[in-house]
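So the chains spell out like this:
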Amino acid sequence: MLSLRLYMFQRITALLMAPFVLGHLAVMIYAIQGGLDTAEILGRTQGSLLWFLFYGTFVVAVSIHGAIGLRSIAFEWGGLKGIVLEAFMWIAGLGLFALGARAVWTVTYAQGIGA
Amino acid sequence: MKNKGLIAFVESSNRLYRDEKLNLAADLRDMTKSSLAVTIERGPVDHRMQVFDVPAYDNQTVLDVVSWVQQNADPTLSYRFACRVGMCGSCAMMVNGVPRWTCRTHISKVLDGNKVTIGPLRNLPIIKDLAVDMDPFFDKWVAAEGVHHGGLTRDDPIAAIDETSSEREEANAGIECINCSVCYAACDTVAGNSNYLGPAALQRAWTLLNDSKDEGYAAILEIVSGSGGCHNCHSMGSCTAYCPNELDPMSAIAGLKRETAKSFFKRGR
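Computed from a predicted model, the values in this text were never measured in an experiment. Residue numbering note: each chain is counted from 1, following its sequence as written. For this description, chains carry letters from A and ligands carry numbers from 1, given in the order in which they are written. At least 70 in pLDDT is required for a residue's local features to be given in this predicted model, at least 80 for side-chain atom pairs to be given and counted, and no such filter applies to totals for whole chains, interfaces and linings, which use all residues. Processing note: side-chain calculations cover all non-hydrogen atoms of the structure and skip hydrogens and water entirely.

Chemist: In this structure, what is going on with the packing of aromatic side chains? I would like to understand it.
Modeler: Each aromatic ring pair is summarised here by two numbers: the centre-to-centre distance and the angle between the ring planes. Residues and elements named next belong to chain A. Only centres within 6.5 Å qualify two rings of Phe, Tyr or Trp (six-membered ring in Trp) as a pair; their planes then separate them into stacked at under 30 degrees, edge-to-face at over 60, and tilted for everything else. The tally for this structure, following the rule as stated, stands at 14 aromatic pairs over all chains. Centre to centre, the rings of Y55 and F58 are 6.3 Å apart; their planes meet at 15°, and the pair counts as stacked. With Y55 and F58 both in helix α3 (residues 49-76) and three residues apart, the pair spans about one turn of that helix. Accessibility expressed as a relative area gives 12% for F58, which makes it buried. Each helix corresponds to a stretch of at least 4 residues labelled H or I by DSSP, and each strand to a stretch of at least 2 residues labelled E; elements are numbered beginning at the N terminus. Summary of the burial criterion: residues with accessible area below 20% of their type's maximum are buried, those above 50% are exposed, and those between are partly exposed, where the area comes from a 1.4 Å probe applied to protein chains only.

This is how it looks when you write it as structure tokens:
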């Protein structure tokens, strides 16, 4: 049930995610040197276009990649078909995006938290 | 002539002793000649597992065992075979849960103690007992453009084939497929997705795509990019692991994925 277009979207987002995951892990290791500190993390991310783009693109890639993967599982193991299957994919993708985008927005440009 | 009598006596007792030894050897052979506990899946109506006691021989294939049951124990047992030499692809069955060509599988290779379980091929509708309906398998072969797309007429000269070209090597890699459906039965993606064309049909598509005599390139790319196409493959590799002819459908499908990805970037579809 995976057409070429969905396959390509999933592969391209996987390619994007590989460096993001490595970057994320590297920053995590760097950030906890001397303890985990909210102020230190927010100090790095708030108002930063670079971190907004880094994690923003990461979230978009995850949403697309994950939704297509869940679609395959729902089809092969869950027996979902047709419009139900498409709806499931979109809900999963938009849900992942909403959760991720909220987090990214909160640590970069949202006002009033940790300030 | 006392000696003559003695010699005759010794000779006769030697003969007796030798005969006795031969008899003993024969008895020992008979004692070690055991029987096999063969469980056969009967169906599809009144689906049940039936155990048969089959004599063991030194040289015996799984197909021999099934044939013995049909000829000596239960003539109503249905199964399919033709060539018995691994060419026709008719006799594939599930043996201890994995697909095998039964005519070329020695029973000693699959015995668990003296037990073996034989069932109909997976992923295909059962007609009766060990005979499955191969129609979906062959229909998908055709659906994957597994037909000749000729571009020449009988008046054209025969096209020269470069046996050393990389395309020809790719095509050659898949041409020994005997359509036995072992890969199709082994594939977990087929099990979860009945639309999926499956490893054999896609390998054929890859073979034709690389065959310079075949002009179906665009048609093949189109169909293998569709909803039942090569992108459903999760590269689990059961096709390649179980292919009795040691072909590599998984790599053929990977080739189709590469080719369709290139076409996606070139033409945006």
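Chemist: What exactly am I supposed to notice about the sheet that holds strand β2 (residues 48-55) of chain B here?
Modeler: The strands making up a sheet associate through backbone hydrogen bonding, with each pair oriented either parallel or antiparallel. Residues and elements named next belong to chain B. Within the open sheet, the five strands sit side by side as β2-β1-β5-β3-β4. Their pairing is mixed. Two strands in the sheet have a free side with no partner beyond their single neighbour: β2 and β4 (98-101). When the angles between neighbouring strand axes are averaged without regard to direction, this sheet yields 35°. By this definition, two strands are paired if DSSP reports at least two bridges between them. Pairing of strand β1 (residues 35-42) with β2 involves eight bridges; the strand directions are antiparallel. When the bridges of β2 are listed, E41 appears paired with M49. Any two residues having at least one pair of non-hydrogen atoms within 4.5 Å are treated as being in contact. Where helices are involved, their axes are fitted lines through C-alpha atoms of the stretch in contact, as for all axes, and angles between N-to-C directions lie from 0 to 180°. Packing of helix α2 (residues 62-73) onto the sheet brings it into contact with β1, β2, β3 (92-95) and β5 (115-119), and relative to β2 it is tilted by some 95°.

Chemist: So what exactly am I meant to see when it comes to a negative patch on the surface here?
Modeler: All names here are of chain B. A cluster of like negative charges, contributed by D162, E163, E167, E169 and E170, occupies part of the molecular surface. Residue placement: E170 occurs in helix α5 (residues 166-174). With a relative accessible area of 34%, E170 lands in the partly exposed category. Grouping into patches uses exposed residues only, defined as over 30% relative accessible area, and leaves out salt-bridged ones; the cut-off is 9 Å for like charges and 5 Å for nonpolar side chains (Val, Leu, Ile, Met, Phe, Trp, Tyr). The Shrake-Rupley method, run with a 1.4 Å probe sphere, supplies the accessible areas, and residue values consider only the shown protein chains as cover. Salt bridges are identified by distance alone: a Lys or Arg side-chain nitrogen within 4 Å of an Asp or Glu carboxyl oxygen. Charged-residue counts in this description rest on Lys and Arg as positive and Asp and Glu as negative, His and the chain ends being excluded. All charge positions are set by atom: Lys at NZ, Arg at CZ, Asp at CG, Glu at CD.

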